[in-house]
Structures are given as structure tokens and as C-alpha cells.
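Residue-level structure breakdown
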Amino acid sequence: AVLRCEPAKLDELLHPAFDKKAIKNAKVVVKGLPASPGAATGPVVFFADDAEKVFAQTGQKAILVRIETSPEDLKGMLDAAGILTARGGMTSHAAVVARGMGKCCVSGAGALNIDYKARTVEIEGVVLKEGDYISINGTTGEIYAGQVQTKAAELSGDFADLMALCEKYTKLAVRTNAD
């Protein structure tokens, strides 16, 4: 049973996910590539500086929506709850950096029409302005208009049972100090 489990799937269980009741009422507006696992919801921002400002002023993390990210966006990516890009793939800048940070990311959502001057994004006929809420699922690549409730990862249920089973066969113990 332990050997049949894919290690990458376990990583998905350690990130926030959408609440099962809330996701039933949500409608997928478009799908992109599941670049980094997890779920995130927040107001749309188009520039890294704005992601920093929203976090500094409200303590709330936004969703950084870009055509594609570059190293200049790093500070905003740090303060964002998630990253959504119109271009890129599983090895794009946004995807690789988000995975390294443990942040949710959907990349390559080609149906996004981003207008930086007007600060809007049009998705399959739905127009969202900066500050409107959006929810992204980095595990499936699904994007929802509006706010979908997320829940933190839980080390219980089937996951806890699997970890208890793994403990029987473990040969290596890792101990570390971390801040």
C-alpha cells in the first residue's frame, strides 16, 4: 500500500484546499495548467507593487495576475496568496518560483485577456477589475470568479492512517532546527 502511493500526491495534501461544500457552488470560468499545488483566493492585482501594498495595508494576500512573471515580480509574488498567468507552462518562471515558495500557481491560462492600463482581466466573457475576488486551484488548474472558502491542510483521516503505516517501515529519522 505504501509503495503504491505517489510522493507528488502527498505534497498536494500539505497545501491549503478549497472547502468541499464551498466548491460545489463555485463555477469554473477557465482552466490553466496546475503549476503549483494548493488553493488560494483573494482580490486581483496586476502588479507586484500592488500585491505588496494590499498586504501591507490590509494584511490580506492578493492573487497576482500577470501575462507572465519576471524576476522583478518576486517581491509581489512573496506577498501574494497565489499567482495566475496567461502564458507559461509547468517550468515557467511563475511555476518554478511558486513551487519553491510553496504558493499556489496556475499558469498557461491562455483564455485570460489582461489589460494592464484598464486594470482588468476578461475571462470567457467575465470581466474582473482590480480588487474583484478570484479563486485559483493550483492542484487542478481551475479558476473561479469570486471568493471560494479555503481550508488549511489537515494531518488527519486517511492521510494520518497512511503516515502511521509508513512509520512502521521507516528507516531514517530526520531532525532539524528551523525558524
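Cut-offs and rules
- Residues numbered from 1 in each chain as written.
- Predicted model: local features only at pLDDT ≥ 70, side-chain atom pairs only at ≥ 80, totals over all residues.
- Heavy atoms only, no water.
- pLDDT = per-residue confidence, 0-100.
- Helix = DSSP H or I, 4+ residues; strand = E, 2+ residues; numbered from the N terminus.
- Buried < 20%, exposed > 50% of the residue type's maximum accessible area, 1.4 Å probe, protein only.
- Pairing = 2+ DSSP bridges.
- Axes fitted to C-alpha atoms, helices over the stretch in contact; angles between N-to-C directions.
- Contact = heavy atoms within 4.5 Å.
- Salt bridge = Lys/Arg side-chain N within 4 Å of Asp/Glu carboxyl O.
- Core = buried A, V, L, I, M, F, W, Y, C linked by side-chain atoms within 4.5 Å.
- Patch = residues over 30% accessible without salt bridge, like charges linked within 9 Å, V, L, I, M, F, W, Y side chains within 5 Å.
- Areas by Shrake-Rupley, 256 points an atom, 1.4 Å probe, with all protein chains shown as cover.

Of the residues in the chain, 99% reach a pLDDT of 70 or more, and the chain-wide mean stands at 90. No element of the chain has a lower mean pLDDT than helix H1 (residues 7–12), which averages 75, and none a higher one than strand E6 (residues 82–85), which averages 97.

This part takes up the environment of Asp 115. Relative to the helices and strands, Asp 115 is located in strand E8 (residues 112–115). Take Asp 115: its relative accessible area is 35%, and that puts it in the partly exposed class. Considered as a pair, Asp 115 and Leu 3 are 112 residues apart in the sequence and their alpha carbons are 48 Å apart.

The next thing to look at is the pairing of E6. Side-chain alternation along E6 places Gly 82 and Leu 84 on one buried face and Ile 83 and Thr 85 on a second face that is also buried. Note that strand E5 (residues 63–66) and E6 share four bridges and pair parallel. Looking at the pairing, Val 65 lines up with Leu 84 of E6.

Right, let's get into the sheet that holds strand E2 (residues 28–31). Spatial strand order, E2-E12-E11-E4-E5-E6-E7-E3: eight strands in an open sheet with mixed pairing. Single-partner strands in this sheet number two, and they are E2 and strand E3 (33–36). If you compare each strand with its neighbour and ignore which way they point, the axes differ by 30° on average. Both strand E4 (residues 39–45) and strand E11 (residues 133–137) contribute to a ladder of five bridges, which runs antiparallel. The partner of Pro 43 across the bridge, within E11, is Tyr 133. On top of the sheet, helix H5 (residues 93–101) reaches E3, E6 and strand E7 (104–107); it is set at about 45° to E3, its chief contact.

Attention now moves to the pattern of salt bridges. Summed over the entire model, instances satisfying the criterion amount to five salt bridges. Asp 73 is the salt-bridge partner of Arg 66, the closest N and O atoms lying 3.5 Å from each other. Considered together, Arg 66 and Asp 73 belong to a single accessibility category, that of buried residues. Ionic contacts of the salt-bridge type, sharing partners, join the residues Asp 50, Arg 119 and Glu 130 into one network.

This brings us to H5. Within H5, the full set of buried residues consists of Ala 94, Ala 95, Val 97 and Ala 98. Residues of H5 that are buried make contact with E3, helix H4 (74–79), E6 and E7. Positive backbone phi, approximately 75°, marks Gly 102, located one or two places after H5.

Attention now moves to unusual backbone geometry. If a residue is not glycine, its phi is most likely negative; likewise, a peptide bond is most likely trans. Of note, the phi angle at Arg 119 is positive, near 55°, even though the residue is not glycine. Within the secondary structure, Arg 119 is located in the loop between E8 and strand E9 (120–123). Arg 119 gets classed as partly exposed once you look at its relative accessible area, which sits at 30%. If you check the backbone angles, Glu 124 has positive phi at about 50° while not being a glycine.

On to the nonpolar core, then. Among the nonpolar cores identified, the biggest contains 20 residues, and Leu 84, Leu 112 and Ile 143 are the most heavily contacted of them. Counting residues per element, the ones that place at least two in this core are E2, E4, E5, E7, E8, E9 and E11. Once residues lying within four places of it in the same chain are set aside, the contact partners of Leu 112 are Val 30, Leu 84, Thr 85, Ala 86, Val 121, Glu 122 and Ile 123. Membership of the second largest hydrophobic core comes to 14 residues, among which are Val 45, Ala 51, Ala 62 and Ile 83.

With that settled, the discussion passes to a nonpolar patch on the surface. Together, Leu 13, Leu 14 and Leu 155 give the surface a local cluster of nonpolar side chains, amounting to about 310 Å² of exposed area. Inspection of the secondary structure puts Leu 155 in the loop between strand E13 (150–151) and helix H6 (157–169). Residue classification places Leu 155 among the exposed residues on the basis of a relative accessible area of 62%.

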